[in-house]
Amino acid sequence: MIAEHSAIVARGMGVRRGGRWLLRPVAFGIAEGVIGLAGPPGVGKSTLLATFATLRRPHAGTLRILGHDIGKGTDLRAVRARIGFLPGRLRWAKHMTAEELVAYAAYYRRVRSPAVRNVMKRLDIADARHTELALLPADVRVRAGLAAACVHEPELVLLDEPLDVLHSGRDTVDQGAIDELVPLIRALAPTVVVSAARPDHLTPWCRDVFVLGRGRLAGHPPATAAPAASAPMLPAPVTPASVTPASVTPAPVTPAPARPVPVAPVPANPAPMVPAPAAVPAASAPAHTLPSDTLPASPFGSGSRTTWAGWLGWVDTASQVVPAKPAADTVPAVETAPAAGAVRPVEAVRPAGAEAGGERPGTVQAPVPSRRSRIRAGRQPAGSGAGV
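Since this is a predicted model, take the numbers as computed values, not measurements. (Residues numbered from 1 in each chain as written. Predicted model: local features only at pLDDT ≥ 70, side-chain atom pairs only at ≥ 80, totals over all residues. Heavy atoms only, no water.)

Enquirer: What am I meant to see in the overall build of the chain here?
Expert: A tally of regular secondary structure across the chain gives nine helices and twelve strands. Counting across all 388 residues of the chain, residues that qualify as buried make up 30%. A separation of at least 24 residues holds for 62% of the contacts in the chain among residues at least 6 apart in sequence. By element, 57% of the accessible surface of the chain is carried by carbon and sulfur atoms, the whole surface being about 25,900 Å². (Helix = DSSP H or I, 4+ residues; strand = E, 2+ residues; numbered from the N terminus. Buried < 20%, exposed > 50% of the residue type's maximum accessible area, 1.4 Å probe, protein only. Contact = heavy atoms within 4.5 Å. Areas by Shrake-Rupley, 256 points an atom, 1.4 Å probe, with all protein chains shown as cover.)

If you want it as structure tokens, here you go:
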């Protein structure tokens, strides 16, 4: 039910901007007290407050402010003299002093100079009247704006996000500054409509809060006081006399029988420890010396260091020493019984696979050297044509 004596009465009022509905046609009424209007940025809060201030006309329905229909041009002058409006942005006044801002508003309200001094004293900004607004703290700038909006003592005050600068964190202001501004806002006029971006900024100190969103105006539940914390219930103390401890009979413990550990008997006369025999180094096999008279004369001359055995790669020509172990592809040499004190000669050295017979024992079957071999030995010049 809408009371006809309410400060704002809307019947089927709708507001459009840019071809879309900011507020679809709705009927509501705002009575005396502090009323909050919340909504995210760009939802249309400033446009709706400007409509309440008669700066815009609704696109649908009727709107009555303080008993006057703003649709009639004859009532606008009378209703505007009873409305105070503080826009959300005062950047155009940042180079003005606090006293100049209040005096500018008083001039257009046709209010004399004593009213300027009185309102500045009431809002406690008389000491900052000669300071520019850009140099003042955030809470003092808010006080100067409130003084300019209420210099003519209106009946309806419209404030567009006055405390958001304190909640946004752009200035360092403690919660105490907000707590000091709330009583001043309540005492500005019988009916105050204040907007904010979040409902929780308004619910603690506003009588009613409306939320504007998607073209609809809905009421927000008021803040409820938190229930007082009750003392925790502690269990009743138990008297020791009333508690009878149960008798506990210890169970008998039977020790486990010890198991004997077998011990090896120690002989009466132990055998003496015999040291291990030392390792005897293996004797190197003696080298067999090949006497020079057992091989035929070298075809390359008597002064040559190259012998048949050396030329075949079996005997070292310098020392004429035969290795103790023959090569894998040779047949072990046949030894004869040497005379006393004489060196054992090698009877025959024959390549593996040679047939038995056809070779005279005690001699070496020497191959005929080729011409290329003689040239390599350097004993016959190339092209001589001599044979063996």
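After presenting the structure, the write-up continues.
Enquirer: Is there a simple way to think about the confidence of the model for the chain in this case?
Expert: When pLDDT is low, close inspection of the predicted coordinates is not appropriate. Within the chain, residue pLDDT values average 73, and 55% of them lie at 70 or more. Low pLDDT, under 50, characterises residues 225-235; the stretch is placed with zero contacts to residues that sit more than four places away or in other chains. Below pLDDT 50 for its whole length, residues 384-388 participates in seven contacts with residues either more than four positions away or in separate chains. (pLDDT = per-residue confidence, 0-100.)

Enquirer: What exactly am I supposed to notice about unusual backbone geometry here?
Expert: Its identity as a non-glycine residue notwithstanding, Glu153 has a phi of 55°, on the positive side. Residue placement: Glu153 occurs in the loop between helix H5 (138-149) and strand E7 (156-159). By relative accessible area, Glu153 is classed as exposed at 65%. With a phi close to 55°, Arg214 is a non-glycine residue in the positive phi region. Since its relative accessible area comes to 82%, Arg214 is described here as exposed.

Enquirer: Looking at this structure, I do not really get the sheet that holds strand E1 (residues 8-17). What am I missing?
Expert: In sheet architecture, strand pairing relies on hydrogen bonds along the backbone and comes in two forms, parallel and antiparallel. Reading across the sheet, the four strands line up as E2-E1-E4-E5 and stay open at both edges, with antiparallel pairing between neighbours. Two strands lie at the open edges of the sheet, namely strand E2 (20-30) and strand E5 (68-69), each paired on one side alone. The sheet contact formed by E1 and strand E4 (residues 60-65) spans five bridges and is antiparallel. Bridging from a neighbouring strand, Ala10 pairs with Leu63 of E4. Most of the contacts of helix H1 (residues 45-52) go to E1, to which it runs at about 130°, and overall it touches E1, E2 and E4. (Pairing = 2+ DSSP bridges. Axes fitted to C-alpha atoms, helices over the stretch in contact; angles between N-to-C directions.)

Enquirer: Looking at this structure, I do not really get the pairing of strand E3 (residues 33-38). What am I missing?
Expert: For a regular strand, side-chain orientation follows a simple rule: the groups alternate between the two sheet faces. With six of its six residues buried, E3 lies for the most part within the structure. Sheet topology places E3 next to strand E9 (residues 208-213); four bridges connect them, and they run parallel. Paired with Ala38 across the two strands is Val211, which belongs to E9.

Enquirer: Where do I start with the pattern of salt bridges in this structure?
Expert: Two side chains carrying opposite charge are able to pair once their charged atoms lie near each other. Evaluation of the coordinates by the stated rule reveals five salt bridges. Close ionic contact of Lys45 with Glu161 constitutes a salt bridge, the shortest N to O distance being 3.3 Å. Residue Lys45 is located in helix H1, and its partner Glu161 is located in the loop between E7 and helix H6 (164-167); the two are separated by 116 residues in the primary sequence. Residue classification places Lys45 among the buried residues on the basis of a relative accessible area of 4%. (Salt bridge = Lys/Arg side-chain N within 4 Å of Asp/Glu carboxyl O.)

Enquirer: Got a minute to help me understand the packing of aromatic side chains in this structure?
Expert: Two descriptors summarise a pair of aromatic rings, namely the distance from one centre to the other and the angle between the planes of the rings. Scanning the entire structure with this criterion turns up three aromatic pairs. Ring centres 5.4 Å apart and planes at 85° place the aromatic pair Tyr107 and Tyr108 in the edge-to-face group. Considered together, Tyr107 and Tyr108 belong to a single accessibility category, that of exposed residues. The ring of Trp21 has Arg16 lying over it, and the distance from NZ or CZ to the ring centre is 4.8 Å. (Phe/Tyr/Trp six-rings, centres within 6.5 Å; stacked < 30°, edge-to-face > 60°. Lys NZ or Arg CZ within 6 Å of the ring centre and 35° of its normal.)

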